[in-house]
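Structure assessment
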Amino acid sequence: MSGASPTLQVDNLETHFFTKDGVAKAVDGVSFAIGRGEIMGLVGESGSGKSVTGFSIIGLVDPPGRVVGGRVLFKGTDLVTLGPEGLRNLRGNRIAMIFQDPMMTLNPVLRIDTQMIETVRAHDASVTEAEARARARDALGQVGIPSPEERLRAYPHQFSGGMRQRVAIAIALLNKPDLIIADEPTTALDVTIQGQILYEAQKLCRETGTALIWITHDLAVIAGLADHISVMYAGRIVEQGSLDDVLDRPAHPYTRGLLGSVPGHNTRGRRLYQIPGMTPSLLRLPGGCAFKERCPHADRACDTAPEITRPIEGRLLRCVHPQLGAGSTAP
Ligand SMILES: Nc1ncnc2c1ncn2[C@@H]1O[C@H](COP(=O)(O)OP(=O)(O)OP(=O)(O)O)[C@@H](O)[C@H]1O
Ligand SMILES: [Mg+2]
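Scope of this entry: the structure provided in the associated data block.

Criteria and cut-off values
Residues numbered from 1 in each chain as written. Chains lettered and ligands numbered in written order. Predicted model: local features only at pLDDT ≥ 70, side-chain atom pairs only at ≥ 80, totals over all residues. Heavy atoms only, no water. Near = heavy atom within 4 Å. Polar contact = N/O pair within 3.5 Å; in protein donor to acceptor, adjacent residues only side chain to side chain. Areas by Shrake-Rupley, 256 points an atom, 1.4 Å probe, with all protein chains shown as cover. Helix = DSSP H or I, 4+ residues; strand = E, 2+ residues; numbered from the N terminus. Nonpolar A, V, L, I, M, F, W, Y, C, P; charged D, E, K, R; others polar. Pairing = 2+ DSSP bridges. Contact = heavy atoms within 4.5 Å. Axes fitted to C-alpha atoms, helices over the stretch in contact; angles between N-to-C directions. Phe/Tyr/Trp six-rings, centres within 6.5 Å; stacked < 30°, edge-to-face > 60°. Buried < 20%, exposed > 50% of the residue type's maximum accessible area, 1.4 Å probe, protein only.

As a structural note, the neighbourhood of ligand 1 is formed by 13 residues, with S46, G47, K50, S51 and V52 the closest of them. Note that an oxygen atom of ligand 1 is positioned 3.2 Å from one of the backbone N or O atoms of S48. In this structure, an oxygen atom belonging to ligand 1 sits 2.9 Å away from a main-chain N or O atom of V52. For ligand 1, the protein covers 66% of the area, taking 640 Å² as the surface of the free molecule. Elements with a minimum of two residues in the shell around ligand 1: strand 1 (8-19) and helix 1 (50-57). With three residues, the top contributor of residues to the shell around ligand 1 is helix 1. Within the shell around ligand 1, the residues separate by chemical class into four nonpolar, six polar and three charged.

The following block contains the structure:
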């Protein structure tokens with residue numbers, strides 16, 4: 001994190017789901033900060049709490065879930081205590097979220113131009129309709145939609161799934177927000193388009209100072225794109241640092257397992273490493289380190305929950321046996 005005060009600072013965030021089978025601590029003491037123009041990748045397997053972290057930041061957690069602790073400082077304002085009205089004003093204005101499902105952004109009964117022009121003018125009423133339309137057209141072009149002028153007149157159902165997602169992304173980029181939270185928005189798109197969209201998002205961040213959280217289960221997607229990375233496991237961040245550093249010298253056995261299962265990271269011809277076992281249910285976590293039952297380095301010391309340490313400059317780790325100084329391929 002660079003600069004004076006971060007765009008977003010999350011401190012010890014806790015979001016719990018109060019289910020009939022017990023309390024699931026989906027977000028359990030998560031902290032990170034992102035400065036202007038910076039990109040953070042939030043990575044972890046399915047069920048690790050990535051989406052709930054994103055929803056918690058913008059106040060979109062529904063019962064039985066609730067933010068029960070911590071702070072979310074957006075340019076100094078705590079969003080946890082801001083209230084629904086204030087949050088609504090920020091969303092779609094200074095903070096945009098891109099969801100896995102584009103229909104969470106798009107209104108099925110309105111033409112794309114109506115939706116995009118409305119979005120621009122809700123943010124700045126002094127923009128004329130013609131200007132807003134021109135901006136909408138440019139935004140569609142930016143995310144690789146051919147014939148944007150013509151496509152503006154279509155309804156959401158007239159686009160393919162991938163094209164709909166690109167429209168939703170274009171809408172998120174429209175007002176050049178201070179913060180974008182992108183929750184696996186490109187998973188369903190082909191690799192070339194993913195690359196193009198990530199490139200556009202990165203360019204926007206660099207040019208306008210937008211801070212970006214890119215949520216993904218796939219480390220390969222954010223390699224070369226993010227500045228920082230936070231690796232989540234069972235509701236907690238287990239490793240955090242600059243992207244290059246973590247990719248070159250991953251120290252948490254879970255991060256090493258994730259990296260080992262990325263195609264292209266391994267030496268050619270070697271079998272891809274798979275982390276053994278499955279993500280445990282949050283209602284039945286083992287005591288101590290939540291990863292210990294899948295970890296090749298676990299021993300008695302892991303029966304005590306590991307504290308956050310800083311064993312290398314700029315790196316946060318939650319592990320009693322960090323793999324410091326080892327290569328990047330063995331778990
Ligand atoms: N509506 C809900 N009711 C109860 N528990 C929930 C609910 N939504 C989420 N959870 C709990 O929160 C955990 C984290 O969910 P989350 O959606 O954040 O995972 P994720 O990391 O985004 O996974 P994926 O990669 O599959 O999108 C879940 O494993 C579940 O235990
Ligand atoms: Mg998710």
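Picking up after the structure, the text goes on.
Here four strands make up an open sheet; going across it, the order is 2-1-4-5 and the pairing antiparallel. The open sheet has two edge strands, strand 2 (22-34) and strand 5 (77-78), and neither has a second partner.

Moving on to the sheet that holds strand 10 (residues 236-242). Here we have seven strands laid out as an open sheet, ordered 6-7-8-3-9-10-11, and mixed in their pairing. What marks the edges here is a single partner per strand, and that holds for strand 6 (95-98) and strand 11 (316-317). Pairing analysis gives two bridges linking strand 10 to strand 11, with the strands arranged antiparallel. Within strand 11, the position partnered with Q240 by the bridge is L316. Sitting on the sheet, helix 6 (residues 161-174) is in contact with strand 6 and strand 7 (179-183), with an inclination near 170 degrees to strand 6. Most of the contacts of helix 7 (residues 191-208) go to strand 8 (residues 211-216), to which it runs at about 155 degrees, and overall it touches strand 3 (39-43), strand 7 and strand 8.

Bringing unusual backbone geometry into the picture now. Omega for the peptide link from P63 to P64 comes to 10 degrees, which places this bond in the cis form. Note on placement: P64 falls in the loop between helix 1 and strand 4 (65-74). The phi dihedral of N12 falls on the positive side, at around 55 degrees, and the residue is not glycine. Residue position: N12 is located in strand 1. In this structure, A234 is a non-glycine residue whose phi angle is positive, near 50 degrees. Relative to the helices and strands, A234 is located in the loop between strand 9 (228-233) and strand 10.

Geometrically, a pair of aromatic rings is defined through the distance of the ring centres and the angle of the planes. Applying the stated criterion to the full structure yields four aromatic pairs. With centroids separated by 6.0 Å and ring planes inclined at 25 degrees, the aromatic side chains of F55 and F99 adopt a geometry described as stacked. With F55 in helix 1 and F99 in the loop between strand 6 and helix 3 (112-123), this pair connects stretches of sequence that are 44 residues apart. Exposure remark for F55: the relative accessible area of 21% places this residue in the partly exposed category. When the centroid spacing of 5.2 Å and the interplanar angle of 65 degrees are considered together, the rings of Y254 and F291 count as edge-to-face. You can see Y254 sitting in helix 10 (residues 253-260) and its partner F291 sitting in the loop between helix 10 and strand 11, a full 37 residues away along the chain. In terms of burial, Y254 and F291 fall into one category: buried.

Across the six residues of strand 9, six count as buried, placing the element largely inside the fold. Across the two faces of strand 9 the burial is the same, with H228, S230 and M232 and I229, V231 and Y233 all buried. One ladder, built from four bridges, connects strand 3 with strand 9; its direction is parallel. Bridge pairing in strand 9 places L42 opposite S230. With six bridges connecting them, strand 9 and strand 10 associate as antiparallel partners. What sits directly across from S230, in strand 10, is Q240. Between the end of strand 9 and the start of strand 10, which pair antiparallel, lie two residues, with A234 showing a positive phi angle near 50 degrees.

As far as function goes, none of this settles anything; it's purely spatial.
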